[in-house]
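Structural features, examined
Each chain, written out:
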Protein chains: 2
Amino acid sequence: MAREPKVSLIPLGGLGEIGKNMMVVKYGENILVIDSGLMFPEEDLLGIDMVIPDITYLLENKNLVRGIVLTHGHEDHIGALPYVLKELNVPVYGTKLTLGILGGKLREQHMLDSVKLNCVKPRDVVQIGPFKIEFIRVSHSIPDAVALAIETPVGVIVHTGDFKIDQTPVDGEVIDFHRLAQWGEKGVLALLSDSTNVERPGYTMSERVVGQTFDETFRQASERIIVATFASNVHRLQQAITTAHRYNRKVAVVGRSMVNVVSIACELGYLNVPDGLLVELDEAAKLPRNRIVYLTTGSQGEPMSALTRMASRDHRQVEIMPGDTIIISATPIPGNEKLVSRVIDQLFKQGANVIYEAVSGIHVSGHPSQEELKLMINLVKPKFFMPVHGECRMLIKHAQLAREMGIPESNIFVGENGQVVEISRRSGRFAGRVTSGRVLVDGLGVGDVGNIVLRDRRQLSQDGILIVVVTMSRDTGLIVSGPDIVSRGFVYVRESEQLMEQAKAKVKQALEKCSSKKISEWASIKSQVRDDLSRFLFDKTRRRPMILPIIMEV
Amino acid sequence: MAREPKVSLIPLGGLGEIGKNMMVVKYGENILVIDSGLMFPEEDLLGIDMVIPDITYLLENKNLVRGIVLTHGHEDHIGALPYVLKELNVPVYGTKLTLGILGGKLREQHMLDSVKLNCVKPRDVVQIGPFKIEFIRVSHSIPDAVALAIETPVGVIVHTGDFKIDQTPVDGEVIDFHRLAQWGEKGVLALLSDSTNVERPGYTMSERVVGQTFDETFRQASERIIVATFASNVHRLQQAITTAHRYNRKVAVVGRSMVNVVSIACELGYLNVPDGLLVELDEAAKLPRNRIVYLTTGSQGEPMSALTRMASRDHRQVEIMPGDTIIISATPIPGNEKLVSRVIDQLFKQGANVIYEAVSGIHVSGHPSQEELKLMINLVKPKFFMPVHGECRMLIKHAQLAREMGIPESNIFVGENGQVVEISRRSGRFAGRVTSGRVLVDGLGVGDVGNIVLRDRRQLSQDGILIVVVTMSRDTGLIVSGPDIVSRGFVYVRESEQLMEQAKAKVKQALEKCSSKKISEWASIKSQVRDDLSRFLFDKTRRRPMILPIIMEV
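Residues numbered from 1 in each chain as written. Chains lettered and ligands numbered in written order. Predicted model: local features only at pLDDT ≥ 70, side-chain atom pairs only at ≥ 80, totals over all residues. Heavy atoms only, no water.

A word on the nonpolar core. In this structure, Leu58 and Ile68 of chain B are the most contacted members of the largest nonpolar core, which totals 65 residues. Among the domains, domain 1 (7-202 + 365-437) and domain 2 (208-358) of chain B are the pair contributing at least three residues each to this core. Excluding its chain neighbours within four sequence positions, the residues that come into contact with Ile68 of chain B are Val33, Asp35, Ser36, Leu81, Val84, Leu85, Val90, Pro91, Val92 and Tyr93 of chain B. Leu70, Val251, Ile264 and Val420 of chain A belong to the second-largest nonpolar core, a separate cluster that totals 64 residues. (Core = buried A, V, L, I, M, F, W, Y, C linked by side-chain atoms within 4.5 Å. Buried < 20%, exposed > 50% of the residue type's maximum accessible area, 1.4 Å probe, protein only. Domains from an automatic or database assignment. Contact = heavy atoms within 4.5 Å.)

In structure tokens, the structure reads:
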């Protein structure tokens, strides 16, 4: 170890992107991992189910990894754990609800018994290797979220996790200003802070605002009410349930993840439901329309979700009726705007009254706006600052904000995934890179889909494929059978028989060209066929389907 | 014709969607067409270049079509004309700039000479069959936009086209309140009005607001300025040019469509550029950084656009430099949010200062908000009302707004594409449907890509394809060669040789099963292979690639 003790901050995910959050803290021969999230694929990742961080660096340093601490139970913070823990079985630390949700995932993977889960409470302190970690309560769009104060021999590192400063939280559990203040007073070496909403001035509204909107809406609704929101937003579910109770309505839960979360949250005591308020879907159907509220998934217009299926009239148990009031208590995650507005449109078509985005107070963010970010910096008073959890522009704006608050430029590190930040008591610097990146999960395959496969999928998705099959004699090199052409995703064959005939002729010509030129290796024959045919098709159609020549020898 | 004269309003596009606007007005044996727009494909239309209205109905009534009138020069109002006019050569009426832009398209298609273009001015009146049409100036995000007052024997129909009420337009040409008021006074049978922004309360800001924002930004910018906006927003270009001149900067134009529009607009006198202000890109490169403004396309993050290429460092002539001020003077069209934010991120990464959405006054809409819509209804005082140009929820909200203003429910028609609205002097009703829908344009193919092709592209894009080829003897029915398996877009073959070997074995088994069962028709052999293999692959990978068995006979 160097004469002057140093601690390294190594982001493996979540910088320059929203999702797959994973931060590594390294001191000497000890590694601590903060969160292991997944990211939902962008539309150019065709057929991919999810994206997880590349943990090559952790696997190369397997014996140094002392544990994984979790800040909260959102997918982008715990979703990769089932994959990570398969290759790296280390103790995991998190709060009750976080581990409750994680437990569900591990059970599905039959991994629950093989993993050491350690449950902690806010203000608990655990020693992991040389790291002494205190869990500090914060507000977020899921209960039981915590920030971390990590004592290292070099100094204290505060990681906010995802947070907001809700002065009137639904459960009354205000962010722990006092511990943050005490750490700030003692002296904090580095602050790593949530950048998601840095573009928003002012304060993020309190979750209670949504409760008020629910109250007004429920009061006015004369028929059924359907509330769609994120399953994990337990406080929001609580407010819907409380409001339903107030207006003498029963509650039915729709959608797999919603059912899961409600049962876990009830079981662990995060959701407080009056006896007999929850009813099954079949009971709900029998109730008078002004006596029921449905809680459902699908606030993002996810194609398979309950609300989307209701909207497109193919949900088995719940059918939209004219007069229904549908509350979409969420804003579309970037990329989902189209999906959501399509669902809203279909709901309107069926005569429902849909309350969404446009209406203020129907949703509030779980992340801090500028004034909250400033307050965090002023409370913690860090020497060094590293914006995390955000796309590049957000990290840059968060850094500007820190500079405006007096943190010297040289002490601010706008990093990238894989880029090592090395900090001593006196100074910090970028210190090289480690392997990092994204691993694509497609079905059971983890990382078996690479750029070549994606490039092929992209080409296939644009203009389809033509397969040219011909059987040739090994000895004479003459055509024995074919050429046949089969196409998929290219043109309506029925309407294009002529084109296909011409294409076959082209292939014949190409093959004859080869035999006349005495070209006999299949490879060059194939490329001849490919080139001639693709040129012909482009002239005729302005399309570039994938062309796959297959030569069978007999 | 019925005893009581009737006029029919038949939307062929633009209702329940944003794009491919086309409205048909039919009186007796006479058809008038308003606009012929295209729509850019949504991401589920894989490989499709554009979508145009299905004009089967017009072709079935070819001899009745008297002409096409255009409200303005945006793609979603004129983009389908090159296709429509190929099949339906009727006179076209539009204002100077509208026809100027259309002319460019027709020239590319070598159609310019074969089409009868009739240039009109606001307040001009033209007689087309039994229709007497007055063109009425409105404000919009492109100059020379008009509404239409169509006199029919049944009554006057006012079609707003796309409009906003800009009290301080850049060119000083205020919407023609007076003609609208006079028509309202005379009595209007039906109003068809733009629903795009019905969800927005209040008024849409004046285009001049953007000019003020440009001024502030230009004043503060110490290095190069790059302004990205819609090429067709000539008033916005004018303001950028005027501001550049004010701050003693030259202007260089980047991007094909931007170059086209600027030259057309200058030529026709819609853009007023001080001599010597415009410079070529190579000159621009030589100027001091605080002496140049670039006007560029790409405000929607279009992958091939100039700004996107600059952002990803592969634009040949313009390279982003730290200190550049980049103004994205547009808001993302729904569906483009991700693309735009990716571009913004890349620009930030390169040290540019990007001004976008978040900053108010950097863009204003070209469509009317609620107060403007109310003003239009109050001015025109129609007996019947039909919201147009919007998605379903917008049409419904626009109808609610009209109801609140006293138009009786029975006189309001929220229609769908293809749904006929029949109006007499006294009453109106839905009167059946005509063929309507979308025609997909892919390369040179118009309508040759249907649902089967799209379904195949979708499957190919998700899990790729496996082609199984085997040569069998015609007489013995035994395998002569193969089976071979080729895959694309499925898995990285190098990493999955074993899987492929197992797959081959599966195919062999399937074939043997068939011969033992004495199954000899290729069809059933193929389906046997397909079923067995797909089951095997799903178990192994949880993926469902397309499987294409090809049997060659020798």
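Here the narrative resumes.
All names here are of chain A. Assignment of secondary structure puts Glu29 in the loop between strand E2 (22-27) and strand E3 (30-34). Spatially, the C-alpha atom of Glu29 lies 9.0 Å from that of Asn61, the residues being 32 residues apart in sequence. Leaving out residues up to four positions away in the same chain, Glu29 has contacts with Leu64 and Arg66. (Helix = DSSP H or I, 4+ residues; strand = E, 2+ residues; numbered from the N terminus.)

Residues and elements named next belong to chain A. The UniProt record annotates "binding site: Zn(2+)" (unreviewed entry) at His72, His74, Asp76, His77, His140, Asp162 and His389. Maximum C-alpha separation among the annotated residues is 14.0 Å over a sequence range of 318 residues, consistent with a single clustered spot. Considering the arrangement of structural elements, one finds His74 in the loop between strand E5 (65-69) and helix H2 (75-78). In this view, His74 contacts Gly79, His140, Ser141, Ile142 and Ser232; residues no more than four positions away in its chain are not counted. A polar contact is formed between the side chain of His74 and the side chain of His72, at a distance of 3.4 Å. Secondary-structure assignment places His140 in the loop between strand E9 (131-137) and strand E10 (146-151). His140 sits in the buried class, given a relative accessible area of 7%. One polar contact links His140 to His74, side chain to side chain, over a distance of 3.2 Å. (UniProt positions renumbered as here; feature names shortened; annotations may be inferred. Polar contact = N/O pair within 3.5 Å; in protein donor to acceptor, adjacent residues only side chain to side chain.)

All names here are of chain A. In space, the 8 strands of this open sheet follow the order E7-E6-E5-E3-E2-E1-E19-E20, with mixed pairing throughout. The open sheet has two edge strands with one neighbour each: strand E7 (117-120) and strand E20 (428-433). On average, adjacent strands in this sheet sit at an angle of 25 degrees to one another, irrespective of strand direction. Note: strand E19 (residues 419-423) against E20, 4 bridges, orientation antiparallel. In the sheet register, Glu422 faces E20, and the bridge partner there is Arg429. (Pairing = 2+ DSSP bridges. Axes fitted to C-alpha atoms, helices over the stretch in contact; angles between N-to-C directions.)

A separate point is the packing of aromatic side chains. All names here are of chain A. Counted under the stated rule, the structure contains 8 aromatic pairs over all chains. Pairing Phe348 with Tyr356 gives two aromatic rings, centres 6.3 Å apart and planes at 85 degrees, and the pair type is edge-to-face. Overall, the relative accessible area of 6% leaves Phe348 in the buried class. An aromatic cluster of at least three residues, connected via ring pairs, comprises Phe384, Phe413 and Phe430. (Phe/Tyr/Trp six-rings, centres within 6.5 Å; stacked < 30°, edge-to-face > 60°.)

Turning to the environment of Ser257 of chain B, a few remarks are in order. Mapped onto the elements of the fold, Ser257 of chain B is located in helix H8 (residues 256-268). With 27 residues separating them in the primary sequence, Ser257 of chain B and Phe230 of chain B have C-alpha atoms 9.1 Å apart.

Another aspect to go through is helix H12 (residues 370-380) of chain B. Residues and elements named next belong to chain B. The set of residues buried in H12 consists of Glu372, Leu373, Met376, Ile377, Leu379 and Val380. Along H12, the residues classed as buried sweep out an arc of 165 degrees about the axis, all on the same side. In this structure, the buried side of H12 is in contact with strand E11 (156-159), helix H5 (177-186), strand E12 (188-194), strand E18 (382-388) and helix H13 (392-404). Where H12 ends, the next residue or the one after it, Lys381, has phi of about 45 degrees, a positive value. (Arc of directions from axis to C-beta.)

This next bit is on the packing of helix H15 (residues 497-516) of chain B against helix H16 (residues 522-541) of chain B. Think of two packed helices as two axes; the pair is described by the angle between the axes and how far apart they sit. Residue and element names in this part refer to chain B. Direction vectors running N to C along H15 and H16 enclose 145 degrees, while the axes themselves pass 9 Å from each other. H15 and H16 meet at a crossing whose hand is right-handed. Here H15 contributes Leu499, Gln502, Ala503, Lys506, Val507, Ala510, Leu511, Lys513 and Cys514 to the contact with H16, which in turn contributes Ile525, Gln528, Val529, Asp532, Leu533, Phe536, Leu537, Lys540 and Thr541. When its residues are assigned to classes, the contact of H15 with H16 shows 11 nonpolar, 3 polar and 4 charged. (Left-handed = near helix turned anticlockwise from the far one by under 90°. Nonpolar A, V, L, I, M, F, W, Y, C, P; charged D, E, K, R; others polar.)

A separate point is the relation of the copies chain A and chain B. It takes a turn of 180 degrees to lay chain A on chain B, together with a shift of 0.0 Å along the axis; the resulting RMSD is 0.1 Å. Read as a symmetry element, the transformation amounts to a two-fold axis. Closest approach to the rotation axis within chain A is made by the C-alpha atom of Ser461 of chain A, at a distance of 2.4 Å. Most of the interface of chain A is mirrored in chain B, where 100% of its interface residues again form contacts. (Least-squares fit on C-alpha atoms with pLDDT ≥ 70 in both.)

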